[in-house]
Amino acid sequence: MKNASHKRQVLEDVVKESIARLSEDKLAEVFDFVSFLLAREQRAEKAEDLDPKKDPLLKYISGVSHGSLAKDIDRELYGDLTEP
């Protein structure tokens, strides 16, 4: 465990030193990438929370095999919008 935390500290130090040498434009790119990684990690954590045992509605996702249930739904709801 101590080895893992040491490795993390070394990586953080190297990244900080490298970031200090970047231009402002490159630093903005690094920030964008870090934001992307954090968002992806957060989405993965939320996906783990999707448990049909906890949320019974999840059991019914893909429960209907008919592929065209919403076909032409706008026409059914609003009529033919091509006529004046």
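Computed from a prediction, not measured in an experiment: that's the story for all the values here. (Residues numbered from 1 in each chain as written. Predicted model: local features only at pLDDT ≥ 70, side-chain atom pairs only at ≥ 80, totals over all residues. Heavy atoms only, no water.)

**Notes on the overall build of the protein**
Part 1 of the reasoning: Helix and strand counts for the protein come out as three helices and zero strands.
Part 2 of the reasoning: Ordered by position from N to C terminus, the α and β elements of the protein give α-α-α.
Part 3 of the reasoning: Of all 84 residues assigned to the protein, the portion counted as buried reaches 1%.
Part 4 of the reasoning: As displayed, the protein offers around 8500 Å² of accessible surface, 57% of which is attributable to carbon and sulfur atoms. (Helix = DSSP H or I, 4+ residues; strand = E, 2+ residues; numbered from the N terminus. Buried < 20%, exposed > 50% of the residue type's maximum accessible area, 1.4 Å probe, protein only. Areas by Shrake-Rupley, 256 points an atom, 1.4 Å probe, with all protein chains shown as cover.)

**Looking at a negative patch on the surface**
Part 1 of the reasoning: Taken together, the side chains of Glu-41, Glu-45, Glu-48 and Asp-49 present a region of like negative charge at the surface.
Part 2 of the reasoning: The residue Glu-48 is located in helix α2 (residues 24–48) in this model. (Patch = residues over 30% accessible without salt bridge, like charges linked within 9 Å, V, L, I, M, F, W, Y side chains within 5 Å. Salt bridge = Lys/Arg side-chain N within 4 Å of Asp/Glu carboxyl O. Lys, Arg positive; Asp, Glu negative; His and termini not counted. Charge placed at Lys NZ, Arg CZ, Asp CG, Glu CD.)

**Notes on the confidence of the model for the protein**
Part 1 of the reasoning: Per-residue confidence for the protein averages 83 on the pLDDT scale, and 89% of its residues sit at or above 70.
Part 2 of the reasoning: Of all secondary-structure elements in the protein, the lowest mean pLDDT belongs to helix α3 (residues 73–78), at 80, while helix α1 (residues 2–20) reaches the highest, 93. (pLDDT = per-residue confidence, 0-100.)

**Details of a nonpolar patch on the surface**
Part 1 of the reasoning: A grouping of Ile-73, Leu-77, Tyr-78 and Leu-81 is seen on the molecular surface, where their side chains present a nonpolar patch of about 470 Å² in accessible area.
Part 2 of the reasoning: Along the chain, the position of Ile-73 falls in helix α3.

**Section: the pattern of salt bridges**
Part 1 of the reasoning: Applying the stated criterion across every chain, the model contains two salt bridges.
Part 2 of the reasoning: Of the charged contacts, one joins Arg-8 and Glu-12 as a salt bridge, the two residues approaching to 2.9 Å between their closest N and O atoms. Pair noted here: Arg-8 and Glu-12 are both in helix α1, with a separation of four residues, about one helical turn.
Part 3 of the reasoning: Linking Lys-26 and Glu-29 is a salt bridge whose minimum nitrogen-to-oxygen distance equals 3.6 Å. Here Lys-26 and its partner Glu-29 are both found in helix α2, three residues apart, which amounts to about one turn of the helix.
Part 4 of the reasoning: The class of Lys-26 is partly exposed, set by a relative accessible area of 44%.

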